[in-house]
Amino acid sequence: MEMDSLPNGNSAAASPPQNTTPAAAGGTTPFPKLTQLTEALKLEHQFLRVPFEHYKKTIRTNHRAVEKEITSVISNVADVSDSENFSKDDAVNHLTSLVSRLQGLKRKLEEGSRTEHLQAQKCRARLNHLESADAENLAEWNNTRVKRILVDYMLRMSYYETAEKLAESSNIQDLVDIEVFQEAKKVIDALQNKEVAPALAWCSDNKSRLKKSKSKFEFQLRLQEFIELVRGENNLRAITYARKYLAPWGATHMKELQRVMATLAFKSNTECTTYKALFEPKQWDFLVDQFKQEFCKLYGMTLEPLLNIYLQAGLSALNTPYCYEDDCTKEDPLSQESFRKLASPLPYSKQHHSKLVCYITKELMDTENPPQVLPNGYVYSTKVCIFLVIIM
Amino acid sequence: MELNDIKDAFDRVAKKQKLSCSKTQEVIDLIVQEIEKALETVKSASHLDDKYVLTELKRRLQDIAPLGQLEGTQKELNIALSKYTKILEKSFNPDISKAYRNIEFDTHTVSQIIASHFYRQGLFEVGDCFISETKESECSAAILSIFEDMYQILEAMKSGNLEPALKWAAANSDKLTQNGSDLQLKLHSLQFVEILRKGSREEALKYARANLAPFASNHVNEIQKLMACLIWARKLESCPYPQLVSQTNWVTVAEELTRQFCNLVGQSYESPLSVTIAAGVQALPPLLKFMTVMAGKKQEWQSMKQLPVPVELDKEFQFHSIFVCPVSKEQTSDDNPPMIMSCGHVLCRQSINKMSKNHSRTFKCPYCPSDIDAAQCRQLYF
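The rules behind the values
All residue numbers here refer to positions counted from 1 along the written sequence of the relevant chain. Going through the entries in the order they are written, you letter the chains from A and number the ligands from 1. pLDDT decides what is reported in this predicted model: residues at 70 or higher carry local features, side-chain atom pairs at 80 or more are listed and counted, and totals for whole chains, interfaces and linings draw on all residues regardless. Computation of side-chain values covers all heavy atoms of the structure but excludes hydrogens and water. In the cavity and pocket records, a cavity denotes points on a 1 Å grid over the protein atoms alone where a 1.4 Å probe fits but cannot get out, a pocket denotes an open set with protein on both sides within 12 Å along at least 5 of 7 lines, and lining residues are residues with an atom within 4 Å of a point. Grid points are joined across faces, edges and corners, and a volume is the space filled by probe spheres set on the points. Numbered from the N terminus, helices here are DSSP runs of H or I no shorter than four residues, and strands are runs of E no shorter than two. Asp, Glu, Lys and Arg are counted as charged, while Ala, Val, Leu, Ile, Met, Phe, Trp, Tyr, Cys and Pro are counted as nonpolar; the rest, among them Gly, fall into the polar class. The patch calculation keeps residues exceeding 30% relative accessible area without a salt bridge and links them within 9 Å when they carry like charges or within 5 Å when they are nonpolar (Val, Leu, Ile, Met, Phe, Trp, Tyr). Only the protein chains shown count as cover for residues, with accessible areas throughout obtained via the Shrake-Rupley method and a probe of 1.4 Å. We define a salt bridge as a contact between a side-chain nitrogen of Lys or Arg and a carboxyl oxygen of Asp or Glu at a distance within 4 Å. Counted charges follow a simple rule, with Lys and Arg positive, Asp and Glu negative, and His plus the chain ends left uncounted. In plain terms, the charge of a residue is placed at NZ if it is Lys, CZ if Arg, CG if Asp and CD if Glu. Buried means the residue's accessible area, taken with a 1.4 Å probe over protein chains only, is under 20% of the maximum for its type, while exposed means over 50%, and partly exposed covers the values in between. Here, nonpolar core means buried Ala, Val, Leu, Ile, Met, Phe, Trp, Tyr and Cys residues that are tied together by side-chain atoms lying within 4.5 Å of each other. Domain ranges listed in this record stem from an automatic or a database domain assignment. Between two residues, a contact is recorded if the distance between any of their heavy atoms is within 4.5 Å. Simply put, the buried area is the total loss of 1.4 Å probe accessible area from both parts when two parts are fitted together. We call two N or O atoms a polar contact when they sit within 3.5 Å, provided that within protein one can donate a hydrogen and the other can accept it, with sequence-adjacent residues counted only if both atoms are side-chain atoms. UniProt positions are given in the numbering used here, feature names are shortened, and annotations may be inferred rather than shown by experiment. The aromatic pairing rule takes the rings of Phe, Tyr and Trp, using the six-membered ring of Trp, and pairs them if the centres are within 6.5 Å, calling planes under 30 degrees apart stacked, those over 60 edge-to-face and the rest tilted. Distance and angle both matter: a charge sits over a ring if NZ of Lys or CZ of Arg is within 6 Å of the ring centre and within 35 degrees of the ring normal. Pairing between two strands requires that DSSP report at least two bridges joining them.

Caption draft 1: Just empty space enclosed by the protein, in detail. What the rule picks out here adds up to six cavities of 30 Å³ or more. Together, 17 residues line the largest cavity, and A:Gln46, A:Arg148, A:Asp152, A:Asp177 and A:Leu306 are the ones closest to its centre. Only helix 3 (45–82), helix 5 (138–156) and helix 15 (306–318) of chain A provide two or more residues apiece to the lining of the largest cavity. With four residues, the top contributor of residues to the lining of the largest cavity is helix 5 of chain A. Looking at the lining of the largest cavity residue by residue, the classes come out as ten nonpolar, two polar and five charged. By volume, the second largest cavity amounts to about 120 Å³. A:His63, A:Leu109, A:Glu116, B:Gln17 and B:Ser20 are, among the 13 residues lining the second largest cavity, the residues nearest its centre. Contributing elements (two or more residues each) for the lining of the second largest cavity: helix 3 and helix 4 (88–131) of chain A together with helix 1 (3–43) and helix 3 (66–91) of chain B. Residue composition of the lining of the second largest cavity, by class: five nonpolar, seven polar and one charged.

Caption draft 2: Geometry of a positive patch on the surface. Residue and element names in this part refer to chain B. A cluster of basic residues, Arg-12, Lys-15, Lys-83 and Lys-86, forms a positive patch at the surface. Contributions of two or more residues to the positive patch are made by helix 1 and helix 3. A relative accessible area of 53% places Lys-15 in the exposed class.

Caption draft 3: Molecular detail of the nonpolar core. By size, the foremost hydrophobic cluster in this structure holds 160 residues, and its most contacted members are A:Leu191, A:Leu307, B:Tyr84, B:Met157, B:Leu187 and B:Phe192. If one sorts the elements of this core by residue count, helix 14 (residues 272–294) of chain B sits on top with twelve residues. Two domains each provide a minimum of three residues to this core, namely domain 1 (3–92) and domain 2 (162–265) of chain B. Apart from residues lying up to four places away in sequence, B:Tyr84 is in contact with A:Phe52, A:Leu127, B:Ile6, B:Ala9, B:Phe10 and B:Val13. Residues A:Val80, A:Leu105, A:Leu109 and B:Leu54 belong to the second largest nonpolar core, which totals 28 residues.

Caption draft 4: The interface of chain A and chain B, seen in detail. Contacts between the two partners involve 128 residues from chain A and, on the opposite side, 125 residues from chain B. For the pairing of chain A and chain B, the buried interface totals around 11,800 Å² over both sides, and the portion due to carbon and sulfur atoms is 68%. Taken together, the links from chain A to chain B amount to seven salt bridges. When the shortest N-O distance is used, the salt bridge between B:Asp29 and A:Lys106 registers 2.5 Å. Connecting chain A to chain B are 34 residue pairs in polar contact (both at pLDDT 80 or more). Put simply, the parts of the chain that give the side of chain A that touches chain B at least two residues each are helix 2 (33–41), helix 3, helix 4, helix 5, helix 6 (160–169), helix 15 and helix 16 (337–343) of chain A. A per-element tally of the side of chain A that touches chain B places helix 4 of chain A first, with 21 residues.

Caption draft 5: Inspection of the UniProt feature "domain: RING-type" (unreviewed entry) in chain B at higher detail. The feature "domain: RING-type" (unreviewed entry), as given by UniProt, occupies residues 325–368 of chain B in the numbering adopted here. Structurally, residues 325–368 of chain B comprises 16% helix and 18% strand, and the distance from its first C-alpha atom to its last is 16 Å.

Caption draft 6: Inspection of the layout of surface pockets at higher detail. Considered as a void within the structure, the second largest pocket measures approximately 790 Å³ in volume. If you go around the second largest pocket, you meet 28 residues; those closest to its centre are A:Met157, A:Asp289, A:Lys292, A:Leu303 and A:Pro305. For the lining of the second largest pocket, the secondary structure elements donating two or more residues are helix 5, helix 7 (178–192) and helix 14 (282–299) of chain A together with helix 4 (107–120) of chain B. Of all the elements, helix 14 of chain A adds the most residues to the lining of the second largest pocket, at eight residues.

Caption draft 7: Highlighting the packing of aromatic side chains. Residue and element names in this part refer to chain A. Under the counting rule described, the total for this entry stands at 19 aromatic pairs over all chains. Where Trp-202 meets Phe-291, the ring centres are 4.9 Å apart and the plane angle is 80°; that geometry is what we call edge-to-face. Of the two residues, Trp-202 is situated in helix 8 (residues 197–205) and Phe-291 in helix 14; the sequence distance between them amounts to 89 residues. Overall, the relative accessible area of 4% leaves Trp-202 in the buried class. Of the residues examined, Phe-291 reaches a relative accessible area of 0% and is grouped as buried. Every member of this aromatic cluster is reached through a ring pair, and the members are Phe-181, Trp-202, Phe-217, Phe-291, Phe-295 and Tyr-299. Lying across the ring of Tyr-245, Arg-222 places its NZ or CZ 3.9 Å from the centre.

Caption draft 8: Highlighting a negative patch on the surface. Among the surface-exposed residues, A:Glu325, A:Asp326, A:Asp327, B:Asp334 and B:Asp335 lie close enough to one another that they form a single negatively charged patch. By the secondary structure assignment, B:Asp335 is in the loop between helix 15 (298–303) and strand 1 (338–340).

Caption draft 9: Expanded view of the sheet that holds strand 2 (residues 346–348) of chain B. Residue and element names in this part refer to chain B. The strand order across the open sheet built from three strands is 2-1-5, with neighbouring strands paired in antiparallel fashion. A strand with exactly one partner marks an edge of an open sheet, and here the two such strands are strand 2 and strand 5 (378–379). Judged from the three bridges that link them, strand 1 and strand 2 form a sheet pairing that is antiparallel. If you follow Ile-340 over to strand 2, its bridge partner there is Val-346.

Here is the structure:
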């Protein structure tokens, strides 16, 4: 079998690389590892933001409790000093009780400070984790990242047991947000049980921030409670409820308010579609979704699970028409049916530089192992061609 | 992105928080002091009227203005907190979902992928827990049993037991040889070295005769070296072939076994989920950069057939040949294949057609100025 060993225009033995070799195309060498690592770290905003928001919230809550207690004690003193009928014993008892209240406050402050310290440690641990990524331990660091992304997915989908097991198995409890999601779990479980109380408590805890983002979540909770009163045919109570809790939202959400108020005129088994929808149990699922969104926004988390974001980008980048052929190498994730299914609505990847992979060895054909053209037009790597020469 | 700057900003936050805490304690102590003073005065049979004492107390407390005192440290703390938030938003990409298309991933498919991932990484308990929480049917049962076998072999190797590995290698020796792998020999060598390490020369010799001999014809040098090690039984540290007796060989052989095992059962070496996520990590930065520029065109983004920006992934993600025509900058396809010209340079068919005005004239190759006749160009197959 004859072979062009050097398929170039000139027949000289040593030849300049063809334009098929990546080096000639210029710049196909991947980013220096350091730049790549920096870019990868830049994707970790959520990783640092969530524990920080949690820390901020604890600080805020603790401080508010202190303010409240101090105000109460001082106004208590004012009351006592202003009142007319206080005996000496009463005064002594009162003052003593105030002192013990303040001692109690000091203890609570200590405790609160300890919690804040732990949360600060968590923030620091994450900063250290980002710092620890370097060329030597990259494989392990990447592996940890996969686990972190999976725990995030589990928590969003409410698979709490799996999340905990996974976190424990690799000791990454500090690097994942299980406690933060436990807080959400309470609200979600209650909403799924058709109870709004924990959700309303959450709204009041985060009042100022929800107001800043112009959230109408509390309004939606109140509307649902109203609907439940109407469903139970407690129309008078419903009206009282509306006066107290829905009216304040009227200025900004009049249309919605009117629509829900109209349900008073119908019964819960109405056939009228507009209002039938309001009585559907699906409305509770909608509230759960709304909560999840508000929750994620508050903590600086993406709305979609990290897994979906990385998968979509990765699948698209790997997506070529050749992946769907039968002889696609097993090492390509898109050779698997499940991955193909996910990738089918996604765009193909785009490249500006040629990269040739030897069909036989699956290795990249580059300047060290350049491609060779056989007379029949098929291209293989030099290694393969040499092998063919030897065995022939 | 300077991690040190970020750490400093956080340290400032922690410092301000401590200050705020100690100031609060101080203020509370002040209040307690005043109340206790008043208490003492009231309790003692002093000539001062109780009411007067209490009014004095109220006035004192107003003067101290505890909440006002706290305002200062609180304000500083809030400034530090918001500075940290800002530095986070500046140093990191605050929203990596900008490049996300609103396409629903089928939950079942994703669960399948995750379950398979857990099993092939050896996280069997986690996998089982996941399957029971998601209430997915036993679709991953096949993967589970395959990898359970593999991990049993690997676990045994970790505790120094080569039996299961040897059994598996023997059972698959034909396929292993076909793949060009000398795993069997490597495993036997490990066993041989271990026997030597424990000190029994005769046993080692017997083992070599029985198990290393069959490989003698193809691996003469290696076996010679191994046999030479007999002299250093019990003193293997001083043997002249340290790389043959090193403990790290166990790790390399385990890796080789994993690679061959996966190959033989038709699985990839790396978990496809890990590979895809790693590809995503490399793909997101250019995609996100593009989105900040593209801002208004969300509609187009949702429906494109090909990514609008090139995403260059590392070598390990190249599974297929991509040829980009240097003239048109387009990727070749079945409809527009790469063609080699008589000078040895390669362009895509459409470019050749264009430059030769549909085969009506010769043109000059853009790389070397040779004359090219379009009809003589041959198609290349990667």
